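If you want the building blocks of each chain, they are given just below.
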Amino acid sequence: MAHLPVFGTSFFRGPGAAIRTSILGLLVVLAVVTTLAACGVLRVGQNGGQAASGNGSKGLTVALSPASRSVDQGQSATYEVSVSATGSLSGTVSLSVAGLPTGTTAGWSPSSVVLASGGSAKATLTVSASPTTPAGKSDFSVTATSGAVQSNPAKAQLQVKEVKRTFGVSASLSGALAPGVSLPLDLQISNPERKSIAVTNLAVAIGQVVRTPAAIAAGLPCSAADYSITQYTGAYPLAVQPGPSSLSGLGVAEAGWPRITMLDTPLLQDGCKGATLQLTYSGTGQGN
């Protein structure tokens, strides 16, 4: 008998060689089919054809547009959020945002979407910066969730720009200072702008102490060291409308006003009699 090659192996002629060859070839084919069927990858039909098997996985994808927005302090910016279902996922999908800077708020329209299997939907994210939101760039992300399925974090950037406005501050003491006496300052704030200003900082300092000619002639000293200042302790921001205003007019209680106190020291303070304090004021205002 001639040699019979099977899967690269030759069997020499001998009793029962053809039978052993056929059985070995059948066992190898059955072993391959059994392995593929156990993996759930392929199935072999009666006609020998192959078809894919297994269920589709569930998933969510999210995209943000545009990738970056700029906004002034006190203003808002919008982003378009696209949500898509993959595989067999369907149902209600909620949206969330993380990483926004301090002082900003996020609003959704709508707050959730309903997706059919393989479907997609859009929502609008509105990011509002307050007048006190720090200026600068911040990276944030949006995530979609449906049950136990969560999407990739879609990333975008928000740049907050500082907006400053010019305003004036002045004040006058309501009486005369004497050792141990403290007087409040009802600060007068003038807003020359056409829009409101959010005042976020106020400060008072003693610029100069002007003694009387008699005190100067007598060589009697008096300086800023004879006085102390308590700064404004009221709430911020102060919403100042165009035109003149004041702390009292803005509803700030007197306890929050800045105060000037003449210290009662063991040193001779006759040089402070009739002296005039020249005060300086500073502050920060932001507006739309």
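Above this text is the structure in question.
Residues numbered from 1 in each chain as written. Predicted model: local features only at pLDDT ≥ 70, side-chain atom pairs only at ≥ 80, totals over all residues. Heavy atoms only, no water.

Visitor: Describe the overall build of the protein, naming the residues involved and giving the relevant values.
Guide: Looking only at helices and strands, one finds 2 helices and 23 strands in the protein. Looking at the protein as a whole, 30% of its 288 residues are labelled buried. Taking all contacts inside the protein whose residues are at least 6 apart in sequence as the whole, residues at least 24 apart take part in 68%. With an accessible surface of roughly 16,200 Å², the protein has 55% of that area assigned to carbon and sulfur atoms. (Helix = DSSP H or I, 4+ residues; strand = E, 2+ residues; numbered from the N terminus. Buried < 20%, exposed > 50% of the residue type's maximum accessible area, 1.4 Å probe, protein only. Contact = heavy atoms within 4.5 Å. Areas by Shrake-Rupley, 256 points an atom, 1.4 Å probe, with all protein chains shown as cover.)

Visitor: Outline the side chain of Thr 261, listing residues and values.
Guide: Mapping Thr 261 onto the fold places it in strand β22 (residues 259-262). Polar contacts involving the side chain of Thr 261 include one to the side chain of Ser 182, which spans 3.0 Å. Sequence-distant contacts of Thr 261, defined by excluding residues within four places in its chain, comprise Val 181, Ser 182, Asp 226, Tyr 227 and Ser 228. (Polar contact = N/O pair within 3.5 Å; in protein donor to acceptor, adjacent residues only side chain to side chain.)

Visitor: Describe the sheet that holds strand β21 (residues 243-246), with residues and values.
Guide: Strand order in this open sheet of 3 strands is β15-β17-β21, and the pairing throughout is antiparallel. Taken across any chain shown, the strands that pair with only one partner, and hence form the sheet edges, are β15 (168-170) and β21. For this sheet, the mean inter-axis angle between neighbouring strands, taken without regard to orientation, is 20 degrees. One ladder, built from 4 bridges, connects strand β17 (residues 188-191) with β21; its direction is antiparallel. Note on β21: the bridge partner recorded for Asn 191 is Gly 243. (Pairing = 2+ DSSP bridges. Axes fitted to C-alpha atoms, helices over the stretch in contact; angles between N-to-C directions.)

Visitor: Please provide a residue-by-residue account of the sheet that holds strand β11 (residues 120-129), values included.
Guide: If you walk across this open sheet you meet the 4 strands as β5-β7-β11-β9, and the pairing is antiparallel. The open sheet terminates on both sides in strands that have one partner only, identified here as β5 (59-65) and β9 (104-109). Between one strand axis and the next, the sheet turns through 25 degrees on average, direction left out of account.

Visitor: Could you give an account of the pattern of salt bridges, naming the residues involved and the relevant values?
Guide: Taken as a whole and assessed by the stated rule, the structure comprises 3 salt bridges. A salt bridge links Lys 122 to Glu 80, with the nearest nitrogen and oxygen atoms 3.6 Å apart. Of this pair, Lys 122 sits in strand β11 while Glu 80 sits in strand β7 (residues 76-86); the two residues are 42 residues apart in sequence, bridging distant segments of the chain. A relative accessible area of 51% means that Lys 122 is categorised as exposed. A salt bridge links Lys 273 to Asp 270, with the shortest nitrogen-to-oxygen separation between them at 3.7 Å. You can call Lys 273 exposed: its relative accessible area is 57%. (Salt bridge = Lys/Arg side-chain N within 4 Å of Asp/Glu carboxyl O.)

Visitor: Account for the packing of aromatic side chains, with residues named and values stated.
Guide: Think of a pair of aromatic rings as described by two things: how far the centres are apart, and how the planes are tilted against each other in angle. Counted under the stated rule, the structure contains 2 aromatic pairs. For the pair Tyr 79 and Phe 140, a centre-to-centre distance of 5.2 Å together with 80 degrees between the ring planes defines the contact as edge-to-face. Here the residue Tyr 79 occupies a position in strand β7, and Phe 140 occupies one in strand β12 (residues 136-146), the gap between them amounting to 61 residues. For the ring pair Tyr 232 and Tyr 236, a centre distance of 5.1 Å and an interplane angle of 55 degrees mean the geometry is tilted. (Phe/Tyr/Trp six-rings, centres within 6.5 Å; stacked < 30°, edge-to-face > 60°.)

Visitor: Please give an account of the state of the cysteines that cites residues and values.
Guide: Inspection of the entire model under this criterion finds 1 disulfide. In this model Cys 222 forms its disulfide with Cys 272; the gap between the sulfur atoms is 2.0 Å. Between Cys 222 and Cys 272, the S-S torsion sits near 100 degrees, and that sign places the bridge as right-handed. Of this pair, Cys 222 sits in the loop between α2 (213-218) and β19 (227-230) while Cys 272 sits in the loop between β22 and β23 (276-287), placing them 50 residues apart in sequence. Exposure remark for Cys 222: the relative accessible area of 10% places this residue in the buried category. (Disulfide = S-S within 2.5 Å.)

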